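A look at the structure
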Amino acid sequence: ENDLDGDAVAADVAAENALPIVGADLARYMLTYRRGHLMLSAPRPDSEGIPTITAEDPRFTTVATDSITGRPSAALKVGTDEWTGKEISWLFLPGRVQIARIGRDGRPVLEQAQTLPSVFRNSIPIFTAENLAGLGELERHLDTLHRNNDGILEPLIIAKYQAFRQRAIKGLPDKDE
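Residues numbered from 1 in each chain as written. Predicted model: local features only at pLDDT ≥ 70, side-chain atom pairs only at ≥ 80, totals over all residues. Heavy atoms only, no water.

1. Notes on the overall build of the chain
Quick reminder of the rule: The helix and strand labels rest on DSSP assignments: H or I over at least four residues marks a helix, E over at least two residues marks a strand, and numbering proceeds from the N terminus. Only the C-alpha atoms count toward the radius of gyration. The rule for a globule is 2.2 Å times the residue count to the power 0.38. Relative accessibility thresholds used throughout: buried, under 20% of the residue-type maximum; exposed, over 50%; partly exposed, between the two (1.4 Å probe, protein chains only).
Summing up its helical and strand segments, the chain has three helices and nine strands in all. Shown N-terminal to C-terminal, the secondary structure of the chain runs as helices and strands in the order α-α-β-β-β-β-β-β-β-β-β-α. In terms of C-alpha radius of gyration, the chain reaches 26 Å, well past the compact-globule figure of 16 Å for 177 residues. Structurally, the chain occupies a C-alpha span of about 95 × 45 × 35 Å along its principal axes. Looking at the chain as a whole, 24% of its 177 residues qualify as buried.

As structure tokens, this is what we get:
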């Protein structure tokens, strides 16, 4: 706010990371799965030093929080290496990230820990956004959806199948005279 180029830098960060799309992904994760995560990563080589911001799917990312402060204390992200097709995981701890991959022999290989920038010396670069009341938007309606499926839809399907049951008669000739 007090500098001359703050808005320009923020606009560059937003443009480089396609923040409207990242924000939409974060909102979709939050509304569908209760929570979404934003991850701050090292700048790409062609980005002129602008950090990378991505929305992370909560099905593949989990964050442990401090029970007293509620702040993130560790995070685990799992995925697949697009080049090798092997599983890879990232364990984020304050000040560092540990990467494990599946090696050629199918056993996990632990890489040397990478140091995070000094701003993350006591924290991790993953931030959690949680939906109101800690519920996905459809979760409060699950009882109604189950009632519709179990009490209304399934009996209709059973009735349709029973209407077209095949019947067999024994002792008929093989050919119609």
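2. Structural notes on helix 2 (residues 19–33)
The line we're drawing: Here the expected length of a helix is defined as 1.5 Å per residue gap, with one fewer gap than residues. Here the arc refers to the directions that run from the helix axis out to each C-beta atom.
With 15 residues, helix 2 should reach 21 Å at 1.5 Å per residue; the first-to-last C-alpha distance of 20 Å fits that figure. Among the residues of helix 2, those classed as buried are V22, L26, Y29 and M30. Along the axis of helix 2, the buried positions cluster into a sector of 100°, meaning they face one direction only. In helix 2, the exposed positions angled more than 90 degrees off the buried face are occupied by P20 and I21.

3. Here's the deal with the pairing of strand 6 (residues 96–102)
Consecutive side chains of a regular strand alternate in pointing toward one face of the sheet and then the other. This is how the line gets drawn: Only when DSSP finds a minimum of two bridges between them are two strands counted as paired.
Alignment of strand 5 (residues 87–93) against strand 6, held across six bridges, turns out to be antiparallel. Bridge pairing in strand 6 places I88 opposite R101. Connecting the antiparallel pair strand 5 and strand 6 is a turn made up of two residues, with G95 showing a positive phi of about 85°. Bridge count between strand 6 and strand 8 (residues 114–115): two bridges; the pairing is antiparallel. Opposite R96, over in strand 8, you have T115 as the bridge partner.

4. Digging into the pattern of salt bridges
Short version of the rule: What counts as a salt bridge is simple: a side-chain nitrogen of Lys or Arg found within 4 Å of a carboxyl oxygen of Asp or Glu.
Under the counting rule described, the total for this entry stands at seven salt bridges. In this structure, E139 engages R34 in a salt bridge whose closest nitrogen and oxygen atoms are separated by 2.6 Å. Taken together, the positions of E139 in the loop between strand 9 (126–130) and helix 3 (142–163) and R34 in the loop between helix 2 and strand 1 (35–41) put the pair 105 residues apart, joining distant regions of the chain. Exposure remark for E139: the relative accessible area of 25% places this residue in the partly exposed category. The exposure class assigned to R34 is partly exposed, which follows from its relative accessible area of 33%. With a shortest N-O distance of 2.6 Å, D57 and R59 are connected by a salt bridge. Given the relative accessible area of 10%, D57 is considered buried. The class of R59 is exposed, set by a relative accessible area of 52%.

5. Examining a nonpolar patch on the surface
Basically, it comes down to this: Surface patches are drawn from residues lacking salt bridges whose relative accessible area is over 30%; two like charges belong together within 9 Å, two nonpolar side chains (Val, Leu, Ile, Met, Phe, Trp, Tyr) within 5 Å. Values of accessible area rely on a 1.4 Å probe in the Shrake-Rupley scheme; residue burial ignores everything except the protein chains shown.
Residues F60, L76, V78 and L91 make up a contiguous nonpolar surface patch of roughly 310 Å² in combined accessible area. Relative to the helices and strands, L91 is located in strand 5.

6. Observations regarding the sheet that holds strand 1
Quick note on the threshold: Where helices are involved, their axes are fitted lines through C-alpha atoms of the stretch in contact, as for all axes, and angles between N-to-C directions lie from 0 to 180°. Contact definition: two residues touch when any of their heavy atoms are within 4.5 Å.
With antiparallel pairing, three strands are arranged side by side in an open sheet as 2-1-9. Strand pairing shows two members of the sheet lacking a second neighbour, strand 2 (52–56) and strand 9, which therefore form its edges. Recorded for the sheet is a direction-independent mean angle of 20° between the axes of neighbouring strands. Where strand 1 meets strand 9, five bridges bridge the pair, whose relative direction is antiparallel. Counted as the bridge partner of R35 is E130 from strand 9. Strand contacts of helix 2: strand 1, strand 2 and strand 9, with the helix running at about 145° to strand 1, the strand carrying the most contacts.

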